Amino acid sequence: MTRLPVPERRRALIAAAIRVVARDGVAATSTRAIAAEAGMPLGALHYVFVSRDDLLAAVIDTVTAGQRVAAESVLPHPDTQPPASGALLHTFGALLHTGLGRFLDLLEAEPEREVAVLELNLYTLRTPAMAGTMRAEYEETYQALVPVLARAARACRCASTVPLRDVARLLVTAVDGLTTTWLADRDCAATRRVAALVADGIAALFAPLAPDAAAGQGDEPGAPHDHPEGGLHHADHP
């Protein structure tokens with residue numbers, strides 16, 4: 001039998017763990033069950049992962065990273081020319097609509113991934129050895145989203161009227177709600193309508209930059225209106 005390279009073996013074991021957790025729950029997810037699901041001997045799993053919890057943590061990281069990639073994929077290329085001023089908010093709102101739409105595409109195509117994450121998040125909350133895992137996962141997501149939102153706002157020549165970290169937390173909260181309600185009723189049309197409302201609501205937190213501010217902002221992430229705690233500073237200091 002062909003010996004899989006370690007990176008491929010790791011990916012196969014993570015995918016198998018997602019299927020087992022989603023199908024049988026964390027309690028029934030033993031290393032033996034995961035190895036069997038992946039079609040590998042148990043020793044192959046322990047060659048890649050120190051323990052079951054090590055593998056389960058990798059599952060959480062993998063799913064979270066996939067969600068970030070889906071979000072970042074809707075951003076305009078840095079060389080893209082910003083839109084005309086009259087289309088600013090519409091364009092930023094369109095980015096949010098597209099980003100949430102792609103997340104829902106992922107959710108509908110692979111619901112077992114989100115079921116597994118829900119199971120694992122509850123497991124980490126109840127497992128002393130994994131205390132803080134869920135909090136760290138959310139913190140990492142907020143920190144990753146802030147520059148994504150800042151870059152999108154710069155491309156659309158607008159800025160948040162509230163701290164970007166709060167916008168990131170709002171977006172994560174909304175995505176969590178969209179996920180759990182869709183998993184409960186599988187009503188794709190209703191979920192997408194609500195996602196559109198979420199996109200419109202978040203877009204309403206952004207305002208167009210004045211022409212002089214837009215001209216001088218550049219692409220530096222340290223611009224005042226992009227600061228995670230700063231909100232729309234230039235509007236406070238005419």
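Refer to the structure printed above.
As the structure is a computational prediction, the values presented were derived from the model and not from experiment. (Residues numbered from 1 in each chain as written. Predicted model: local features only at pLDDT ≥ 70, side-chain atom pairs only at ≥ 80, totals over all residues. Heavy atoms only, no water.)

Concerning the nonpolar core
If you look at the biggest cluster of nonpolar residues, it comprises 33 residues, and the most contacted ones within it are Phe92, Leu100, Ile202 and Phe206. Elements with a contribution of two residues or more to this core: α5 (88–109), α7 (133–155), α8 (164–185) and α9 (188–203). By residue number, the principal contributor to this core is α8, which donates ten residues. With near-sequence residues (within four places) excluded, Ile202 lies in contact with Leu96, Val167, Leu170 and Leu171. Among the nonpolar cores identified, the runner-up in size contains 25 residues, and Ala17, Ile18, Met40 and Val59 belong to it. (Core = buried A, V, L, I, M, F, W, Y, C linked by side-chain atoms within 4.5 Å. Buried < 20%, exposed > 50% of the residue type's maximum accessible area, 1.4 Å probe, protein only. Helix = DSSP H or I, 4+ residues; strand = E, 2+ residues; numbered from the N terminus. Contact = heavy atoms within 4.5 Å.)

Points about helix α2 (residues 31–38)
Each full turn of the α-helix corresponds to 3.6 residues, which orients residues three or four apart in the same direction. Turning to α2, its buried residues are Thr31, Ile34 and Ala35. Along α2, the residues classed as buried sweep out an arc of 100 degrees about the axis, all on the same side. Exposed and oriented more than 90 degrees from the buried face of α2 are Arg32 and Ala36. A positive backbone phi angle near 70 degrees is found at Gly39, which sits one or two residues after α2. (Arc of directions from axis to C-beta.)

Concerning the environment of Ala65
Looking at where Ala65 falls in the secondary structure, it is placed in helix α4 (residues 52–72). Expressed as a C-alpha distance, the spacing of Ala65 and Ala144, which sit 79 residues apart in the sequence, is 9.9 Å.

Quick notes on the environment of Thr29
Among the secondary structure elements, Thr29 is positioned in the loop between α1 (6–24) and α2. By relative accessible area, Thr29 is classed as buried at 0%. Leave out the neighbours within four places in its chain, and Thr29 touches Val20, Val21, Ile34 and Arg52.

What about the packing of α8 against α9?
Running from amino to carboxyl end, α8 crosses α9 at an angle of 170 degrees, the nearest separation of the two axes being 10 Å. If you check the angle between α8 and α9, you find them roughly antiparallel. Between α8, through Val167, Leu170, Leu171, Ala174, Leu178 and Trp182, and α9, the contact on the second element is made entirely by Cys188, Thr191, Val194, Ala195, Val198 and Ile202. The class makeup of the residues in the contact of α8 with α9 is eleven nonpolar, one polar and no charged. (Axes fitted to C-alpha atoms, helices over the stretch in contact; angles between N-to-C directions. Parallel < 35°, antiparallel > 145°, perpendicular 65-115°, else oblique. Nonpolar A, V, L, I, M, F, W, Y, C, P; charged D, E, K, R; others polar.)

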